[in-house]
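Structural characterization, general
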Amino acid sequence: MRFTARLLAATALVSAGLAGAAAAQDFSLKFQSSDPAGNANFLLQQEWAKDVAAKTDGRVEVDLLPVETIVAHTESQDAVAAGIIDGHVTDTSYFAGKEPAFGLIANPVGAWSDPQQMFDFMENGGGNELMNEMLEPYGLHFIGATTPGLEAFLSKVPLDGVDDLKGLKMRAPEGMVQKVFAAAGASPVNLPGSEVFTSLDKGVIDAADYTVFSTNHAQGMHDVANHPVYPGFHSMPLVEVSINKGVWDSMPEDIQSALVESVKDFRQLQVSTLAERDMAAVKEAEANADITVHNWSDEERAKSRAFAKTEWEKAAEASDASRKVYDTLTAYLEENGLLK
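Residues numbered from 1 in each chain as written. Predicted model: local features only at pLDDT ≥ 70, side-chain atom pairs only at ≥ 80, totals over all residues. Heavy atoms only, no water.

1. Brief notes about the sheet that holds strand 9 (residues 239–244)
Ordered by their spatial adjacency, five strands build an open sheet running 2-1-3-9-4, and the pairing between neighbours is mixed. The open sheet has two edge strands, strand 2 (60–65) and strand 4 (140–146), and neither has a second partner. Going across the sheet, the axis of each strand differs from the next one's by a mean of 25°, ignoring polarity. Where strand 3 (residues 87–91) meets strand 9, five bridges bridge the pair, whose relative direction is antiparallel. By the bridge assignment for strand 9, Thr-90 is matched with Glu-240. Sitting on the sheet, helix 6 (residues 127–135) is in contact with strand 4 and strand 9, with an inclination near 145° to strand 4. (Pairing = 2+ DSSP bridges. Helix = DSSP H or I, 4+ residues; strand = E, 2+ residues; numbered from the N terminus. Axes fitted to C-alpha atoms, helices over the stretch in contact; angles between N-to-C directions. Contact = heavy atoms within 4.5 Å.)

Written as structure tokens, this is what we have:
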């Protein structure tokens, strides 16, 4: 069904829901995730929804829906703006086709080696302000950022360095990740996460940027892609929690503050939970004779980051917003000794 048709079909239900919420002075919100039901990220996001209710004494309820429930993963920004859904929890890279700066801030490949670096940039380095400068003209308000952490890399073939990426058929989200892999000689395509397993299994792709090691392992990804690269060398996605700006503006300040705090708490829960699971999953995989875990050398990781830095510079020329993201990001990295 086309997006416009979904918009018309959903308008009456959305309007009725908002009217009921306003009458009760409460907020009953529908958020769509970019993760499928059963995915570790989605299950943790459901805990966030519960925490929102707890932090607001039940004044805000979030009905969190898995990817594709109402709209495609690439359409959720438009759906939030139109009021079809109230918000989303999603990789900002998916909207780089609309504004190139989304791709750069969402995943400046090679910039972060630890989630706390990204969180500090967002809170203290200008990242939060940049997100709202970019999102609010589209009708959204940025509540906060999370991430699953530094991602592993899925592959059906051995990958021990940058040269092995040449000609590799792989999945990568639109934006900086895709550009860096293309620059390294790979052939990336944009697929939703829900199609990664099937695409690997059927040979549509031979590798994938998907998510962290433990989630890959739990979903059986290593059964069809038994040459994972860990620790990852390429991706720590910014996952935004954003809401319809009109809904946000209608909320009292105490509820707004509670939502911001809920995202801050959630991101620490997500990062710590998945890091612990990663350690256990790697041990299990290494004990499996059918799985070979590849750990790139420092030299190969440096080569990968060199490709990334070149693509950052190119991305800065794509739009005024991209230039501002590049300048803000590199200033933060330089100030904190992270460009070495």
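2. Regarding unusual backbone geometry
With an omega of -5°, the peptide bond between Tyr-230 and Pro-231 qualifies as cis. By the element assignment, Pro-231 lies in the loop between helix 10 (221–224) and strand 9. A positive phi is found at Asp-57, a non-glycine position, where the angle reads about 55°. Looking at the element boundaries, Asp-57 is found in the loop between helix 2 (40–55) and strand 2.

3. Notes on the packing of helix 6 against helix 14 (residues 320–335)
One way to put it is that helix 6 packs onto helix 14 with a least axis distance of 11 Å and a crossing angle of 175°. Our classification of the angle between helix 6 and helix 14 gives roughly antiparallel. In contact with Leu-130, Glu-133 and Met-134 of helix 6, helix 14 contributes Ala-321, Lys-324, Val-325 and Thr-328. Its residues assigned to classes, the contact of helix 6 with helix 14 comprises four nonpolar, one polar and two charged. (Parallel < 35°, antiparallel > 145°, perpendicular 65-115°, else oblique. Nonpolar A, V, L, I, M, F, W, Y, C, P; charged D, E, K, R; others polar.)

4. Brief notes about the nonpolar core
Trp-112, Phe-153 and Phe-181 are the most contacted members of the largest nonpolar core, which totals 55 residues. Listing elements by their share of this core, those giving two or more residues are helix 3 (76–82), helix 4 (100–106), helix 5 (115–124), helix 6, strand 4, helix 7 (176–183), helix 13 (298–315) and helix 14. With five residues, helix 14 is the largest single contributor of residues to this core. Sequence-distant contacts of Phe-153, defined by excluding residues within four places in its chain, comprise Leu-159, Leu-168, Met-170, Phe-181, Ala-207, Ala-208, Asp-209, His-227, Pro-228, Val-229, Phe-233 and His-234. Formed by 26 residues, the second largest nonpolar core is a distinct cluster that contains Phe-27, Ala-40, Leu-64 and Leu-259. (Core = buried A, V, L, I, M, F, W, Y, C linked by side-chain atoms within 4.5 Å. Buried < 20%, exposed > 50% of the residue type's maximum accessible area, 1.4 Å probe, protein only.)

5. As for the pattern of salt bridges
In total, this model carries 16 salt bridges according to the counting rule given. Where Asp-265 meets Lys-55, a salt bridge forms, and the shortest distance between an N and an O atom there is 2.7 Å. Of the two residues, Asp-265 is situated in helix 12 (residues 253–286) and Lys-55 in helix 2; the sequence distance between them amounts to 210 residues. Of the residues examined, Asp-265 reaches a relative accessible area of 39% and is grouped as partly exposed. The partner of Asp-249 in a salt bridge is Lys-245, and the shortest N-O contact between them spans 2.7 Å. Here the residue Asp-249 and the residue Lys-245 both occupy positions in helix 11 (residues 245–249), the gap between them amounting to four residues, near one helical turn. Given the relative accessible area of 24%, Lys-245 is considered partly exposed. Taken together, the shared-partner salt bridges connect Glu-123, Glu-261, Lys-264 and Arg-267 into one network. (Salt bridge = Lys/Arg side-chain N within 4 Å of Asp/Glu carboxyl O.)

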